[in-house]
Amino acid sequence: MSTTRSLYETLADFAVSTWGNNKDYDGLDAVIMALAEGARLVQSKVEAAALAGVLGSTGDINVQGEVVQILDTFASDAFVSVLKGSGRVAAIGCEEIEGTVVLGDGAGQDYIVQMDPLDGSSNIDVAISIGSIFGIWKRDPGEAIGDASLLRPGREQVAAVYTVYGSSTMMVLATRDGVQGFTLNRPEKMFQLTHPDIRIPDEVSCYSTNEGNFNTLDGATQMAVLALRESYSLRYVGSLVADFHRNLLKGGIFMYPGNPGSPEGKLRLMYESNPLAFVAEQAGGAASSGEQRILDIQPERPHQRTPLIIGNRDAVEQTVAIMKGG
Ligand code: AHM
Ligand code: MG
């Protein structure tokens, strides 16, 4: 870390020093700090999950038709609570909640947050890295908050954040000023800037995809996977946030394509693909649905899915070209 950067020791200092006088980011520091506080709460719950008896499912099925884990609900409640407490958020869209969480459109409630509060649910019970993902949009001046407030294209995000609860806990923050990585210093209860100005390396080291789905893919997508197989090592955690994080730091490409039986694939546009696409682009990478730039998709439904090909720009472009029959 350079001497200059070491001045920005905590996330709070970083936010204030970066956006302190910039009206476009007014209040964003409070939103980011709320997410940091929520991440701390979720990390400690995840770490002690088996001891606290909070592993396993609630017995409910969420709006996606998926089994809800106890920790999914804890994380969702925790992040809604801290975002509400920030006083800066007007509305939240959440993987675990069918409708819009309207917090209000009072003075200062300028932000709209879309979140996957606990990504990688299938890995919760087996001590494998999981995380949280957030896209942050600014409310239009005077906009009345409702369901339509959530349907904004990803390119309009002002910031995106993800956390990884792994061998260390990290929070990665992207704004239009670049991408910064913070590591949780647990004893001090703060996130410290440890990965300033993240750029995805030019060299691709690995590809990440669910190879078990190979036989379900159309011919052109199979060709794209075969090309990746020939060039790179396979690394697949099965937690999007962990696979993306590794590829961001080491160089790589992740893909979760659609298939003829499920053309939209699995991942959700608003709180999985859009925030990570924003991070990828800010770090010099790219993200595509196979047909268009992820950030240009006009959303139609809050929980809609999209195929996702994300990572190094060249690798994404080559993969998409093959998928298109090139
Ligand atoms: P979740 O948000 O319910 O955890 O589901 C999304 C997860 C991603 O983290 C991961 O990339 C994907 O599902 C893995 O799916 P699969 O098991 O089909 O490979
Ligand atoms: Mg998820």
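All of these numbers come straight from a predicted model, not from anything done at the bench. Here the residue numbers are simple positions, counted from 1 along each chain's written sequence. Naming scheme: in the order in which they are written, chains are lettered from A and ligands are numbered from 1. In keeping with the model being predicted, local features are shown solely for residues with a pLDDT of at least 70 and side-chain atom pairs are shown and tallied solely at 80 or more, while totals for entire chains, interfaces and linings include all residues. Each side-chain value is worked out from all heavy atoms of the structure, with water and hydrogens disregarded.

Caption draft 1: Local environment of the domain arrangement of the chain. For every domain, the bounds stem from an assignment made automatically or drawn from a database. Domains assigned within the chain are domain 1 (7–195) and domain 2 (206–323). Between the C-alpha centres of domain 1 and domain 2 the distance comes to 22 Å. Listed as interface residues are 43 residues of domain 1 and, on the opposing side, 33 residues of domain 2. Put simply, buried area is the surface a 1.4 Å probe can reach on two separate parts but cannot reach once they are joined, added for both. Buried surface at the junction of domain 1 and domain 2, summed over both partners, amounts to about 2800 Å²; 61% is from carbon and sulfur atoms. For this document, the term salt bridge refers to a Lys or Arg side-chain nitrogen within 4 Å of an Asp or Glu carboxyl oxygen. Linking domain 1 to domain 2 there are 2 salt bridges. Polar contact criterion, stated in full: a pair of N or O atoms within 3.5 Å, where within protein one must be able to donate a hydrogen and the other to accept it, and residues adjacent in sequence count only if both atoms are side-chain atoms. Counting every contact that joins domain 1 to domain 2 gives 13 residue pairs in polar contact (both at pLDDT 80 or more). At the level of secondary structure, the elements contributing two or more residues to the side of domain 1 that touches domain 2 comprise strand S4 (97–102), strand S5 (111–119), strand S6 (130–138), strand S7 (157–165), strand S8 (169–175) and strand S9 (178–185). Residue contacts follow a heavy-atom distance rule, with two residues in contact if any of their heavy atoms lie within 4.5 Å. Per the convention used, a helix needs a DSSP run of H or I reaching at least four residues, while a strand needs a run of E reaching at least two, with both numbered from the N terminus.

Caption draft 2: Quick look at the environment of isoleucine 310. For isoleucine 310, the position within the fold is in strand S15 (residues 308–311). Relative accessibility under 20% of the residue-type maximum defines a buried residue, over 50% an exposed one, and the middle range a partly exposed one, all with a 1.4 Å probe and only protein chains included. Under the relative-accessibility criterion, isoleucine 310 is labelled buried at 1%. Among all residues touching isoleucine 310, those that are not within four sequence positions of it are Phe244, Gly252, Ile253, Phe254, Leu276, Ala277, Ala280, Ala286, Ala287 and Val316.

Caption draft 3: A look at the site of ligand 1. Near ligand 1 there are 17 residues, and of these Gly120, Asn210, Tyr236, Leu240 and Tyr256 occur at the shortest range. In this structure, serine 121 approaches ligand 1 through a main-chain N or O atom, which is 2.9 Å from an oxygen atom. One of the side-chain N or O atoms of glutamate 272 is found 3.1 Å from an oxygen atom in ligand 1. Considering ligand 1 on its own, with 470 Å² of exposed area, one finds that the protein chains cover 86% of that surface. Both domain 1 (7–195) and domain 2 (206–323) contribute no fewer than three residues apiece to the shell around ligand 1. A single heavy atom is enough: if one lies within 4 Å of a molecule or strand, its residue is considered near that molecule or strand. A 1.4 Å probe and the Shrake-Rupley method give the accessible areas. Residues count as covered only by the protein chains that appear here.

Caption draft 4: Representation of the environment of aspartate 314. With respect to the element layout, aspartate 314 can be found in helix H9 (residues 313–323). Sequence-wise, aspartate 314 and glutamate 203 are 111 residues apart; in three dimensions their C-alpha atoms are separated by 9.7 Å.

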